[in-house]
Amino acid sequence: MHSTRLLSLCLAVLLAHVACSTTPPAPAVAPAPAEVAAAPAPVPSEPVPPVARRVPHPVAFHGDTFQDDYFWLREKESPEVRTYLEAEAAYTAGRMKPTEALQARLYGEMLGRIQQTDLSVPYRKGGYLYYSRTEEGKQYPILCRKKASQEAPEEVMLDLNVLAEGQPYLGLGDAEVSDDGHLLAYSLDTTGFRQFTLQVKDLRTGQVDAARMEKVTSVAWAADNRTLFYVTEDSAKRASKLWRHTPGTPDVLVYEEKDERFSVYVQRSRSGEYLLAHSGSLTTSEVRVWPARKPTAALAVVAPREQEHLYNVEHRGDLFYIRTNSGGRNFRVVTAPVKSPGRANWKELIPHRDTVLLEYLSVFKDHLVLFEREAGLQQISMLDLKTRATHRMAFPEQVYAVYPEMNEEWDTKLLRISYQSPLTAPSVFDYDMGSRERKLLKQREVLGGYDPSRYQTERVMVEAKDGVKVPVNLVYRKGLKKDGSAPLLLKGYGAYGASAFLGFNSNDVSLLDRGMVLATAQIRGGSDLGKPWHDGGRMRNKMNTFTDFIASAEGLIAQGYTSKERLAIQGVSAGGLLMGAVMNLRPDLFKVVLAHVPFVDVLNTMSDASLPLTVGEFEEWGNPQVKEDYAYMRQYCPYTNVTAKAYPALLVKTSFNDSQVMYWEPAKWVAKLRALKTDTNPLLFHINMNAGHSGASGRYDRLKEVAFDQAFLLTQLGVEP
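Since we're looking at a predicted model, the values are computed, not measured.

Moving on: the overall build of the protein. When helices and strands are tallied, the protein shows 13 helices and 38 strands. Relative to the compact-globule value of 27 Å for 721 residues, the protein shows a C-alpha radius of gyration of 25 Å, a close match. Overall, the C-alpha framework of the protein stretches about 70 × 60 × 55 Å when taken along its three principal axes. In the protein, which comprises 721 residues, the proportion classed as buried is 60%. Counting every atom, the protein has about 27300 Å² of accessible surface; 52% of that belongs to carbon and sulfur. Computing the positive centroid from 85 side-chain charges and the negative centroid from 85, the protein places the two 2 Å apart.

What follows is the structure, given as C-alpha cells:
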C-alpha cells in the first residue's frame, strides 16, 4: 500500500539530490564492475515453500470460505520464514548470475551520466543561504549553509554519511531550522520501516540534545525559537498525537486524533505567523490554527470536519486562504477572516472549474500561486493580490513536470520552480511574477554524451473499455519504426489520486539507446484529469484502473508501437497491485512484468485493522467487512485470483522492513504463483533484508538495483543476450 506523507521543504531539496526513484546523484568512486551484483552460485531448482509442514489458515468472508496456504509467511521472526526467503534470494541470484556483466555495464552507463560531486541551488532563509551537496564516493548528501552570502565560510549542519556509519539503512525525515538559525530539528530512520527518531542540534555548538522523540512524522518550530511541535504515530503507524516540546520541561500532548481514519500533520504557514495542525482522512479534513508567536495558545478549528469535505489553509494578513472542495471535486479558493474563519464567513476568490484541478496553493505577500492540472498536465497560475491580474506560466514541451522549489522568502516577486521533461534534465528557475521573466539558475548536468535531440516524446489517447479516452505518454529514440517490432515498457500506478510522473530519469537512456519505447499511462485512480478521474478508479470503480491499463497496452500494440511478444509492464506499490490484477485478467498480453513492493494481498490486508494504514484506506479500497465491498475487491485481489494458467516472466522485489506493504504480501504471492502457474517463464523474487518501501537508501545501491531490474527486463525481451 502506498501512503503519501507531506515532506518538509528541506527534505524536498534533499530528495532532489538523493533523487529517490528518479536520477540518483553519482558516487565519486564507482565500485569496479566486478563488484556489481556479486551473486552466489546458481540454485538448480525453484524454491518450494514447505506448505505441507504448516496448517492452512482458513479465511471466511460473508459465507465465502477458502484456505490461505501461505499465511504462515507473516511470521517475521520465524527461522522457517527466513530460510524460505533466503532460498528465494539464492534462486534469484543464481538465475541472474549470467547477467552480471550486463548489470555492470548498465551500472557503468548510468553512473557515467551523473555529476558525481554536485550541490543544490541555495535558498535564503533568515540570514543564511541553505543548500545540500554530494561528494564523490559518498552515499548520502550533506546539508550545509552559509551566512549572508555564497562567499562566506561553509557550515555543515548535517552530514548524513557520518550518521549512516555502521547503519545498513538511513532515511532523513524532517530537517527544520528555527527562525533564528540556531537550532536544527531532524529525524532519522535507520531500518527502512519509516519510524523516525527526532533530535535537536544546536548549530552554534554542534551539540545534539539528549532528548529523543520516537516515531515522529512531522515537525514545526514556533516563532520563539525554543518551542518545537511534533506529531507521533501509534502502533498502526497512524500519525495521531501532536506534542509541544520545550527544553527543560516535560513534553505536552496538545491534541490527539481519536478517529482511526484520520492522521495528523503539523506545519508552519508560509507567512510564518501561524502554526497549522491538519487532521485528515482520504476524504475529509479539519484544520486547527494558533499563532506561532504564542505557542501555548489554544488551537482554533477553522471549519469543523464534515464527511467528504477536504480543505487546507494558508495565511496572509488578516485573511486565511483556503483550498476547498466544498464547491466541486476539483477545488476552489475562498478567503476567511482570521478572527472568524468558519464556513459562514467564506468568500470565493477562485471558482471551481470542471476541467482544472487545483492541486495546492502557495501564498506570498503580494501573490497567490495556484498549482493546477489540466488535461493531465501540470500548470501554474498566478494572481496579483494588489492588481487582481492573473496569468498562467507557459512551458515549452508537450510532456513535462513542474514543481515548486525551496523558497522561504515571504516578500518576493520570485517564484522558484523545478521544470523537467522526459528529455530535459531537472532545471531550477526563478520566475518573476510581475515581469514574467524566467531565469535559469541551474540545470542538472547529464554526462556521457547525452543529447536530447536524439529522442522525442509523444502523447497519444487510447480508448478505454467504457469509451473514456486515456492519455499515454511516450518517449523513444528518433527513427522508431511503428511496425510492432520495438520493445516497450509500460508503467502505471492509478491509486490515491496520485498523478503520473512525466519527468526526467537519466537511467532511462540505457533503455532508450537499446531501442526501447518507454510509456506511462495516466489511468483512472490517479488525479491526472481531476478528482473525478480519481473517483473513477477507487472503491467500487477500481476495475477501471485495470481495464484502462489493459486498453493502454492494446492501444499501443494496435498503433504499432510494440507487440505482445515485446511488451513489458512495471508498477510499484499500488502499481504492483495493478501488475498483479492485469496479469490475472490478461496474462497473454504481456511478455515481462516488474512488480516492486506490490500490494497484492488486498483482502487479507484490508481486513486486518492492526496493520499500518488499513483503517485509513477503507476510503480508497473499501472495507472487506462490508459485503458489497468484499464482493467487489474479491474480483481483482491479485493473490486471491491466482489460478493454474500461464503467466508472463516476472520479477518481484520487496524489502524485509517495508511498513507500507509488508514483505509477506509479495512472498505469499510468489509462493502461490510457483505452486499454480503452468508456464516455464522465470519467476524471481528479490528481497532486500536491510531496507523499506523505497528500497536501498544509499545512492550507489539504488543504481545497482536499477541495473538489476534493467538487466532482467532486457534479457527477457531479447534486447540483450
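In a packed pair of helices, the relevant descriptors are the angle between the two axes and the axis-to-axis distance. Relative to each other, helix α3 (residues 100–112) and helix α13 (residues 699–716) sit at 125 degrees, their axes nearing to 8 Å. Taken together, the axes of α3 and α13 lie oblique to each other. Where α3 crosses over α13, the two elements pack in a sense that is right-handed. Within the contact between the two elements, α3 uses Leu-102, Gln-103, Leu-106, Tyr-107, Met-110 and Leu-111 and α13 uses Tyr-700, Leu-703, Lys-704, Val-706, Ala-707, Phe-708, Gln-710, Ala-711, Leu-714 and Thr-715. Broken down by class, the residue content of the contact of α3 with α13 amounts to 12 nonpolar, 3 polar and 1 charged.

Moving on: the packing of aromatic side chains. Applying the stated criterion across every chain yields a total of 22 aromatic pairs. Both rings, one in Tyr-496 and one in Trp-621, keep their centres 5.6 Å apart while their planes meet at 85 degrees; by these two values the pair is edge-to-face. Here Tyr-496 is found in the loop between β33 (488–491) and α5 (509–512), whereas its partner Trp-621 is found in helix α10 (residues 618–621), with 125 residues between them in sequence. Given the relative accessible area of 15%, Tyr-496 is considered buried. Judged by relative accessible area, Trp-621 falls into the buried class, the value being 2%. An aromatic cluster of three or more residues is present, and its members are Tyr-123, Tyr-128 and Tyr-130. Above the plane of the ring of Phe-656 lies Lys-76, whose end atom (NZ or CZ) is 4.8 Å from the centre. A cation sits over an aromatic face here: Arg-524 above Trp-533, 5.7 Å from the ring centre.

Turning next to helix α8 (residues 574–585). Over its 12 residues, α8 extends 17 Å from the first C-alpha to the last, a length consistent with the 16 Å expected when each residue adds 1.5 Å. Most of α8 is tucked away, with 11 of its 12 residues classed as buried. Every buried residue of α8 is listed here: Ala-574, Gly-575, Gly-576, Leu-577, Leu-578, Met-579, Gly-580, Ala-581, Val-582, Met-583 and Asn-584.

Right, let's talk about the nonpolar core for a bit. Burial of nonpolar side chains together is a common tendency in soluble globular proteins. Counting 76 residues, the largest nonpolar core has Leu-490, Phe-549, Trp-621 and Trp-669 as the members making the most contacts within it. It is α8 that provides the largest number of residues to this core, a total of 7 residues. Not counting residues within four places of it along the chain, the set of residues in contact with Phe-549 comprises Leu-490, Lys-491, Gly-492, Ala-521, Ile-523, Ile-569, Leu-578, Met-579, Val-582 and Phe-590. By size, the runner-up hydrophobic cluster in this structure holds 36 residues, among which are Val-446, Phe-504, Met-516 and Leu-714.

Taken in spatial order, the 4 strands of this open sheet run β23-β24-β25-β26, and their pairing is antiparallel. Every other strand in the sheet has two partners, leaving β23 (356–363) and β26 (390–392) as the edge strands with one partner each. Taking the axes of each pair of neighbouring strands and ignoring which way they run, one obtains an average angle of 25 degrees across the sheet.

In this section: the confidence of the model for the protein. Taken as a whole, the protein shows an average pLDDT of 92; of its residues, 93% reach a score of 70 or greater. Below a pLDDT of 50 lies the segment residues 1–44, which in the model reaches 132 contacts outside its immediate sequence neighbourhood of four places, other chains included.

Now for the sheet that holds strand β22 (residues 347–350). Through backbone hydrogen bonds, the strands of a sheet pair up, either in parallel or in antiparallel fashion. The 4 strands are arranged β19-β20-β21-β22 in an open sheet whose pairing can be described as antiparallel. Looking along the sheet, the strands with just one partner apiece sit at the ends: β19 (311–316) and β22. Recorded for the sheet is a direction-independent mean angle of 30 degrees between the axes of neighbouring strands. By the bridge criterion, 6 bridges tie strand β20 (residues 319–324) to strand β21 (residues 332–337) in an arrangement that is antiparallel.

Taking 1.5 Å as the rise per residue, helix α7 (residues 543–558) with 16 residues should run 22 Å; its terminal C-alpha atoms sit 22 Å apart, in good agreement. Across the 16 residues that make up α7, a large majority, 13, are buried. Of the residues flanking the end of α7, it is Gly-560, one or two places downstream, whose phi is positive at about 85 degrees.

Within strand β6 (residues 142–147), 5 of the 6 residues are buried, leaving the element largely enclosed by the surrounding structure. Examined bridge by bridge, strand β5 (residues 128–134) and β6 share 6 bridges and lie antiparallel to one another. Pairing of Arg-133 across the sheet is with Ile-142, part of β6. One ladder, built from 5 bridges, connects β6 with strand β7 (residues 154–159); its direction is antiparallel. Within β7, the position partnered with Cys-144 by the bridge is Val-156.

To continue, consider the environment of Thr-457. Relative to the helices and strands, Thr-457 is located in strand β31 (residues 455–463). A relative accessible area of 14% means that Thr-457 is categorised as buried. Expressed as a C-alpha distance, the spacing of Thr-457 and Ser-421, which sit 36 residues apart in the sequence, is 9.1 Å. In this structure Thr-457 touches Gln-398, Val-399, Pro-422, Leu-423, Leu-474 and Val-475, once residues within four positions along its chain are discounted.

What counts, and at which threshold
Residues numbered from 1 in each chain as written. Predicted model: local features only at pLDDT ≥ 70, side-chain atom pairs only at ≥ 80, totals over all residues. Heavy atoms only, no water. Helix = DSSP H or I, 4+ residues; strand = E, 2+ residues; numbered from the N terminus. Rg over C-alpha atoms; globule rule 2.2 N^0.38 Å. Buried < 20%, exposed > 50% of the residue type's maximum accessible area, 1.4 Å probe, protein only. Areas by Shrake-Rupley, 256 points an atom, 1.4 Å probe, with all protein chains shown as cover. Lys, Arg positive; Asp, Glu negative; His and termini not counted. Charge placed at Lys NZ, Arg CZ, Asp CG, Glu CD. Axes fitted to C-alpha atoms, helices over the stretch in contact; angles between N-to-C directions. Parallel < 35°, antiparallel > 145°, perpendicular 65-115°, else oblique. Left-handed = near helix turned anticlockwise from the far one by under 90°. Contact = heavy atoms within 4.5 Å. Nonpolar A, V, L, I, M, F, W, Y, C, P; charged D, E, K, R; others polar. Phe/Tyr/Trp six-rings, centres within 6.5 Å; stacked < 30°, edge-to-face > 60°. Lys NZ or Arg CZ within 6 Å of the ring centre and 35° of its normal. Expected span 1.5 Å × (residues − 1). Core = buried A, V, L, I, M, F, W, Y, C linked by side-chain atoms within 4.5 Å. Pairing = 2+ DSSP bridges. pLDDT = per-residue confidence, 0-100.

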